[in-house]
Each structure stands twice: as structure tokens, then as C-alpha cells.
Amino acid sequence: MPNFAAVDDIMQETFLAITRKAHTFTLGTQFMAWAATVARYETLKVRRREGKKAHWLSDESIEALAASHADLPAESEAQMRALELCVSQLAPQAKRAMELRYQKGHKAGEVARIMGWTAEALYVALSRARAAVRVCVERHTAAQEAAS
Amino acid sequence: MNDARLDFLLDRYFDEILSAEECAELDERIRTCPSTRKVFWERQRLHAQLRQMGQQSWGSNPAAEVPACEKPATFFSGAHRKKWHRWAALLLGSMLIPALIAVFAPRESLQPLSLLSVQEKTSRAVAVLAQSVDAVWEAPETTKAEGTLFTPGKLHLRSGLAAIDFFCGARVFLQGPVQFEILSTTEGFCLSGKLSSVVPPTAVGFKIGTPKMTLVDKGTEFGIDVQADGSCLVRVIKGEVELHQGGAPVALPEGQGAAIDTRGILSQTKAGSEEFPDAQQLRLRAAAAERRQMEEWKRRRDRLLAAPGLLTYFPFESHSNESGSLERILFNEAPGATFASHGAIVGARWAEGRWPGKRALDFRALSDLVRIQIPGEFDSLTLFTSVRIDALPNPLNALLLTDGFDPGEIHWQITPSGELRLGICGPHRKTDPKSYKNYDSPPVLSPEKLGRWIQLAVVIDQSKGQVSHFLNGQRISVEPLAFRHSLRIGAAELGNWNLADSLRVKPIRHMNGRMDELLIFSRALRDEEVAALGY
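Residues numbered from 1 in each chain as written. Chains lettered and ligands numbered in written order. Predicted model: local features only at pLDDT ≥ 70, side-chain atom pairs only at ≥ 80, totals over all residues.

Colleague: I would appreciate a short explanation of the overall build of chain B in the present structure.
Modeller: Regarding its fold elements, chain B presents seven helices and 29 strands. In chain B, buried positions account for 40% of the 535 residues. (Helix = DSSP H or I, 4+ residues; strand = E, 2+ residues; numbered from the N terminus. Buried ≥ 20, exposed ≤ 12 C-beta atoms within 10 Å, placed from the backbone.)

Colleague: What's the story with helix α3 (residues 59-68) of chain A in this structure? I'm lost.
Modeller: The periodicity of an α-helix, 3.6 residues per turn, causes residues three or four positions apart to be oriented the same way. Residues and elements named next belong to chain A. Every buried residue of α3 is accounted for by Ser-61, Ile-62, Ala-64 and Leu-65. Axial view of α3: buried residues confined to an arc of 165 degrees, hence all on one face. Counted as exposed and oriented over 90 degrees from the buried face of α3: Glu-60 and Ala-67. (Arc of directions from axis to C-beta.)

Colleague: Looking at this structure, I do not really get the pairing of strand β25 (residues 453-461) of chain B. What am I missing?
Modeller: Consecutive residues of a regular strand have side chains that alternate between opposite faces of the sheet. Residues and elements named next belong to chain B. Of all nine residues in β25, seven are buried, a share of seventy percent or more. One ladder, built from eight bridges, connects strand β20 (residues 381-391) with β25; its direction is antiparallel. Looking at β25, one finds that Val-387 is bridged to Ile-454. Relative to strand β26 (residues 466-471), β25 is paired through six bridges, and the arrangement is antiparallel. Bridge assignment links Ile-460 to a residue of β26, and that residue is Val-467. Hairpin geometry of β25 and β26 is characterised by an intervening segment of four residues between the two adjacent antiparallel strands and by a positive phi of about 70 degrees at Gly-465. (Pairing = 2+ DSSP bridges.)

Colleague: Hey, could you run me through the environment of Glu-377 of chain B in this one?
Modeller: Residue and element names in this part refer to chain B. Along the chain, Glu-377 falls in strand β19 (residues 369-378). Separated by 109 residues in sequence, Glu-377 and Ser-486 have C-alpha atoms that sit 6.0 Å apart. With near-sequence residues (within four places) excluded, Glu-377 lies in contact with Ser-486, Leu-487 and Arg-488. (Contact = placed C-beta atoms within 7 Å.)

Colleague: Can you help me understand helix α6 (residues 108-115) of chain A in this one?
Modeller: Residues and elements named next belong to chain A. Of the residues making up α6, those classed as buried are Ala-108, Val-111 and Ala-112. Along the axis of α6, the buried positions cluster into a sector of 100 degrees, meaning they face one direction only. Trailing α6 by a residue or two, Gly-116 shows a phi angle of about 70 degrees, which is positive.

Colleague: Please clarify how the pairing of strand β1 (residues 127-137) of chain B should be interpreted in this entry.
Modeller: Residues and elements named next belong to chain B. In terms of strand pairing, β1 meets strand β3 (residues 153-166) through eight bridges, oriented antiparallel. Bridge pairing in β3 links Leu-129 to Ile-164. The sheet contact formed by β1 and strand β2 (residues 149-150) spans two bridges and is antiparallel. Following the sheet pairing, Ala-127 is matched in β2 by Phe-150.

Colleague: Looking at this structure, how should I read the nonpolar core?
Modeller: If you look at soluble globular proteins, the nonpolar side chains tend to sit buried side by side. All names here are of chain B. Counting 58 residues, the largest nonpolar core has Leu-383, Trp-412, Ala-457, Val-458, Met-515 and Leu-519 as its most contacted members. In this structure Ala-457 touches Thr-382, Leu-383, Phe-384, Phe-470, Val-530 and Leu-533, once residues within four positions along its chain are discounted. Grouped together as the second largest cluster of nonpolar side chains are 40 residues, Ala-135, Leu-174, Ile-224 and Val-226 included. (Core = buried A, V, L, I, M, F, W, Y, C linked by C-beta atoms within 7 Å.)

Colleague: Would you mind going over the confidence of the model for chain B with me for this structure?
Modeller: When pLDDT drops low, the exact placement of atoms in the prediction is not to be read closely. Residues and elements named next belong to chain B. Summarising the model, chain B shows a mean pLDDT of 82, and 85% of its residues fall at 70 or more. Low confidence marks residues 58-119, where pLDDT is under 50. Its contacts with residues over four positions away, or in another chain, come to 111 contacts. The ipTM assigned to the predicted complex is 0.83, against a pTM of 0.54. (pLDDT = per-residue confidence, 0-100.)

Colleague: Where do I start with unusual backbone geometry in this structure?
Modeller: Most peptide bonds are trans, and most residues other than glycine sit at a negative phi. Residues and elements named next belong to chain B. In this structure, the amide linkage connecting Gly-176 to the following residue, Pro-177, adopts the cis form with an omega of 0 degrees. The phi torsion at Glu-16 lies on the positive side, around 55 degrees, for a residue other than glycine. With respect to the secondary-structure elements, Glu-16 resides in the loop between α1 (3-14) and α2 (20-32). Here the phi dihedral of Asp-134 falls at roughly 50 degrees; this positive angle occurs in a residue that is not glycine. Looking at the secondary structure, you find Asp-134 in strand β1.

Colleague: What am I meant to see in the sheet that holds strand β22 (residues 410-414) of chain B here?
Modeller: Pairing between sheet strands relies on hydrogen bonds along the backbone, with the strands arranged either parallel or antiparallel. Residues and elements named next belong to chain B. Pairing within the open sheet is antiparallel, and its eight strands lie in the order β15-β16-β19-β28-β21-β22-β23-β24. In this open sheet, the two strands that pair with only one neighbour each are β15 (329-330) and β24 (436-443). Taken together, the seven bridges between β19 and strand β28 (residues 487-494) define a ladder with antiparallel strand orientation. The partner of Val-370 across the bridge, within β28, is Leu-494.

Colleague: Explain the packing of helix α5 (residues 92-103) of chain A against α6 of chain A here, please?
Modeller: When two helices pack together, their arrangement is given by the angle between their axes and by how far apart the axes lie. Residues and elements named next belong to chain A. Axis separation between α5 and α6 bottoms out at 9 Å; the angle between their running directions is 135 degrees. By the angle between their axes, α5 is oblique relative to α6. Judged by the twist between their axes, the crossing of α5 over α6 is right-handed. Mapping the contact onto sequence places Arg-96, Ala-97, Leu-100 and Arg-101 in α5 and Ala-108, Val-111, Ile-114 and Met-115 in α6. (Axes fitted to C-alpha atoms, helices over the stretch in contact; angles between N-to-C directions. Parallel < 35°, antiparallel > 145°, perpendicular 65-115°, else oblique. Left-handed = near helix turned anticlockwise from the far one by under 90°.)

Here it is, written out as C-alpha cells:
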């Protein structure tokens with residue numbers, strides 16, 4: 001679900017559902033499994049309500065992704081710190097594009113319009129910026145892990 | 001299948017510009033290929049983290065935020081949830097579960113990050129520990145140094161006294177055992193225990209909540225004693241407070257008291273004789289605690305004097321005579337110390353050390369330093385000092401540096417990012433200017449640690465072939481030695497580096513802060529010995 005607003009809604013619904021029923025659960029693995037189920041259910045509900053959109057993944061893909069999510073390594077604080085540093089090192093225009101996209105929450109098309117770029121040019125700039133940040137974060141995180 | 005194509009599809013997916021064909025292609029790959037799913041989650045995480053970072057910086061933007069002394073949002077109140085779910089939502093992605101963990105365990109340590117001015121450091125602190133005496137806090141951090149910054153959160157003081165200054169100007173005295181929560185710059189909550197608060201005119205409106213009522217201060221001093229069952233006693237020591245329980249507020253004038261029972265029923269009383277923690281009590285206990293500390297430190301000093309391998313011991317106690325000449329000497333009190341082993345104080349002034357009664361030298365100007373002379377060659381060395389670093393303004397900030405940097409000589413200093421650095425000159429410096437090695441700790445002196453007394457140590461252990469840094473008795477890093485060479489100090493400086501006139505232009509490395517103890521051992525102390533040096 002790449003859309004910020006839609007995810008907002010899903011989280012809101014999931015959160016409400018969980019707080020409504022939280023007293024029946026104890027924190028732990030069972031809780032997490034249950035919360036995951038609630039979130040998945042809310043996601044599918046929003047998708048049904050909104051109707052099929054061209055850029056949405058199929059329900060099967062969503063299920064497959066949900067099943068594989070647990071394999072992801074834990075997110076570390078070092079990563080977030082590295083992320084901050086890496087974004088700061090982006091070239092000014094790339095940083096501006098990232099800022100409009102992620103801080104202001106504009107859609108890619110709006111960012112292109114604000115910056116006076118074509119959609120394709122902006123797409124390239126965002127992909128490159130993300131790739132640069134990704135490589136930079138990996139390098140920093142690896143360096144930090146090696147040092148400790 | 002090549003990765004560039006997957007990158008392309010995923011980038012377009014996250015920017016919501018996939019065409020129907022591209023979406024079908026991505027969908028197919030996700031359904032059939034586990035490694036694609038792994039890449040998807042990695043990219044999704046970056047996307048979510050970027051958004052989280054953006055959201056947090058938006059949330060911390062002062063222009064977009066209510067003023068500093070705003071009404072606090074409790075965790076589940078609408079305003080807060082709105083902000084919370086904005087960023088947590090992104091983490092969820094389609095169903096990213098760690099976001100739900102974040103809901104129940106928000107990571108306080110993550111500072112708001114900014115895309116706009118990433119160079120600027122930020123803080124979410126709303127209060128500070130102004131003073132504490134005999135304070136024992138709930139684990140994991142049973143001791144808290146004065147100056148500890150508090151972000152909104154719970155505090156459990158098991159015993160002792162503590163004074164907390166809220167940034168709006170109100171001061172709260174806690175008397176353990178007390179369970180208190182800091183909600184914002186202008187509001188606290190007492191679950192159980194005894195406290196009092198002093199509210200200056202600038203902080204009128206300061207609130208303390210309890211399970212059965214909330215007190216709103218009108219510029220006063222009041223005490224509260226909350227029982228575990230929620231019932232409580234209030235006493236207005238000075239001025240007036242308003243007591244809120246949902247209906248119309250009840251004004252309690254000076255000298256009045258109130259009792260609220262477990263059902264929340266209020267009865268006004270004359271103020272009783274209950275004792276509440278206050279400044280006077282804190283002062284008396286602090287003075288007693290300082291005397292005990294000083295006694296304890298003196299006993300430790302006497303023990304240290306008998307420690308094997310003690311080369312130099314500067315306890316930083318000033319001696320005075322009529323001419324004042326002794327005041328410029330930093331006495332080495334190690335057994336067998338010669339007159340030549342005392343330090344010569346230049347510029348630096350005597351000031352208060354870790355506690356009143358303990359002396360320290362204040363290093364501030366470019367000319368503040370202590371000249372020392374430690375002859376000999378050593379296989380291993382341990383350096384220990386108690387310092388209060390106030391600022392790290394220079395590219396390198398001196399603790400102890402040898403005048404030159406010849407083979408085996410050492411430079412102990414701090415980088416601007418707060419890393420402790422020990423440089424050792426290598427054996428081939430004359431032919432190879434790069435023959436030296438810096439052993440750095442992780443950055444430990446973050447801005448909130450500045451201005452507080454800390455203890456630093458470094459152990460150069462040639463038999464184990466390693467260099468270890470210590471902060472407050474804890475080892476924070478260890479690194480293998482790059483080369484073996486006997487170690488030398490010779491002519492050196494504390495808190496500065498003037499190269500003994502060997503260069504016309506001198507780099508500025510002066511220390512900014514105070515030093516109140518320094519020990520040098522001609523051997524590598526074990527971890528537990530370093531911990532025992534700590535006081």
C-alpha cells in the first residue's frame with residue numbers, strides 16, 4: 001500500500017479495532033499474530049471499498065508478502081541515524097525532491113509540478129536518490145556494526 | 001530477471017505511477033518469487049522510514065506546532081493519535097506489523113529527524129533533573145546525574161529526594177517512593193507518593209494530575225500525597241491552587257488543605273502538619289550527602305596511594321601560602337613524587353569540583369593549561385580523569401597531550417562528535433608521517449552529556465595488545481594495537497597543546513571545562529580496577 005493517505009486510514013482502523021479489543025489479548029507472539037490479522041483484514045477492506053486500482057497488487061500478492069514479512073531483520077536505531085546522515089548528503093535538488101515527497105507527503109506528480117520537472121525526470125531523480133540513500137545506509141550500518 | 005527492472009518497478013510502485021502492465025508484471029514476480037518479496041520489504045522499509053523521518057520533522061517544526069507550553073496530548077488523545085498514526089501508518093505499509101509494536105513501545109530515544117535542516121541537532125526534552133540527594137531510581141538506570149534531561153515519560157523514584165525543573169519554570173520536589181510522570185513542559189502526573197511544587201509567575205497554570213483529581217497552580221507552592229489506592233491529601237503552602245475533578249473547579253486558598261477519598265469525594269480541611277519535600281530539606285540532605293561523599297573520596301584517595309604502579313596522582317587539591325605561589329602548583333601526591341613531578345598551572349583557575357568542597361581547575365581560555373613532566377618508558381599505561389566537559393568547540397579537544405609526537409608518545413583528546421581518541425605515535429614517524437594510530441571510542445559525549453561530571457579512562461595494554469576506552473567505569477571500546485613500541489609521556493600538557501614552541505603556528509585544542517582528578521598508572525588496569533577508580 002504505497003499511498004500515504006490510504007495507509008493512514010488503514011492504520012486508523014486497525015488501531016481502533018485493536019484498542020477496542022486489546023483487553024482480550026496479552027502482549028506477545030499471539031498478540032502480534034492477531035494484530036497482523038487485523039491489519040491485513042483492514043487492508044483488504046479498504047481495497048474492496050476503493051475498488052480495483054491499476055497500481056494495486058493482487059490479494060494473492062498481499063498474502064504472499066504478509067507471509068514473508070517476518071523474515072525481515074529488525075530495524076535498528078543505527079539505521080535511522082544513518083538514514084538521516086545519508087539524506088543530508090544528497091545533492092540539493094535530490095534532497096528537495098525527497099523532502100517534497102516524504103516530508104510534505106506530495107504525490108510524485110505534484111512534486112514534479114512543484115519542481116517544474118517532467119514526471120519521468122522526477123521519477124529518475126527519486127529512484128536515484130533512494131538508491132544512493134540505500135547504499136549509503138548499508139555502508140554506514142555495516143561500518144557501525146564492524147566497529148562495535 | 002534482472003534487478004534493475006525490479007528496482008524500476010518497485011520505485012514506480014512506491015511513487016504510485018505503475019501502469020497496469022507494469023503492475024501485473026510486479027504482481028507476478030511477487031507472487032512467484034521469494035527473493036522478490038524480500039527485496040520488496042527492504043524497499044518498503046526504506047520508503048516507510050523516509051516517510052517516518054519526514055513526518056517526525058514535520059511534527060517537530062516549531063511553526064507547525066502549538067506553543068512550547070501547550071496543553072499536553074496524552075497518548076490516546078485525538079491530537080496525539082493523529083500525529084502518531086500519521087507516521088506509524090507508513091510503517092505499516094500494507095501490513096507492516098512493527099508499527100504496532102511501535103504503538104505500544106514508542107522509541108523515546110529516536111530524536112525527531114529533519115529533512116529540512118539535517119545539520120541541526122534536536123531535543124525533545126521538557127524537564128531536567130536539577131538536583132537529587134540519595135536518590136535511587138527504578139532500574140535500569142538506578143542513578144541519574146544532575147542535569148539529566150527528561151522527555152515525557154514515567155519516573156519511579158524508589159527513595160531519596162529529587163528536584164525536577166520543568167522548562168516552563170515550575171520545580172517539583174519528589175520524595176521517594178513516588179511514581180511520577182512527566183507529560184509536557186507544563187504538566188506532570190502523580191500516580192502515588194509525595195511531592196511538592198513551586199510555581200513562579202511565569203509558570204502559572206502548571207498542572208499536576210492524580211488518579212482522582214488535577215491541581216492547577218495559580219502561582220504557588222503546594223504539596224500532594226497520593227496513596228496507592230488513589231486517595232490523596234493536598235496542602236496549599238503558599239498562594240492558591242484550583243482543584244479540578246470534572247465539574248467546576250474548587251479554589252483552595254493558602255493554608256487550606258483537602259482530602260480526596262478513594263471514591264473521589266472531596267472534603268476541605270485545614271492544612272495539617274504533613275511534611276512535604278522542599279528546598280530546605282533538599283539543601284540539608286545535600287549538605288550531609290556532600291560531606292559523606294568527600295569523606296568517601298578521601299578514603300578512596302588514601303587507598304589509591306597504595307595501589308601498585310601509581311605513577312602520578314593529581315587529586316586537584318589547592319594548597320595556599322602567603323605569597324600565593326603554591327596555588328599555581330598542581331601537586332602530584334603519588335608516593336615518592338619528586339618536586340619536578342608536580343604540575344605547573346598556567347592560566348587555569350581554581351573552581352568547584354564534583355561537589356562543593358572538592359577543588360577543580362577550570363580550563364576555558366586558549367592559555368589555560370597545566371605543564372607536567374613524566375619521565376620514563378612504559379610497557380603499558382592507564383590514564384584516568386574526572387572531568388566536566390562543557391563544550392567541544394575544536395576539531396580536537398585536549399585532555400592530555402605529549403608536547404611532541406615522537407614514537408611511543410600519546411595524545412588523549414576528544415573529537416567534536418564526542419569520541420574519545422587516543423593517538424599513539426608509531427615507530428617510523430621520522431620516515432613516514434602516517435606512522436601513528438588513533439584509537440577512537442564511539443561518540444559518547446552527546447550534547448546532553450556536556451556540562452556534567454564524568455570519568456574517563458584509557459588503558460593501553462601491550463601484553464594483550466589492545467587499547468580500551470572507559471566512560472564512568474564502563475568499557476566502551478576496545479581495539480587491537482596497530483604496533484608495539486614502548487610508551488612515553490615526558491613533557492606534556494593537561495587541557496591544551498602548545499607543542500613546546502616547536503611550531504610557530506599552533507593548532508587550537510584547548511579544553512573547555514573542568515578537571516578535578518587525574519591518575520596515571522604504569523600498568524594496564526583490569527576492567528574491575530578501572531570501575532573501582534570511579535567515584
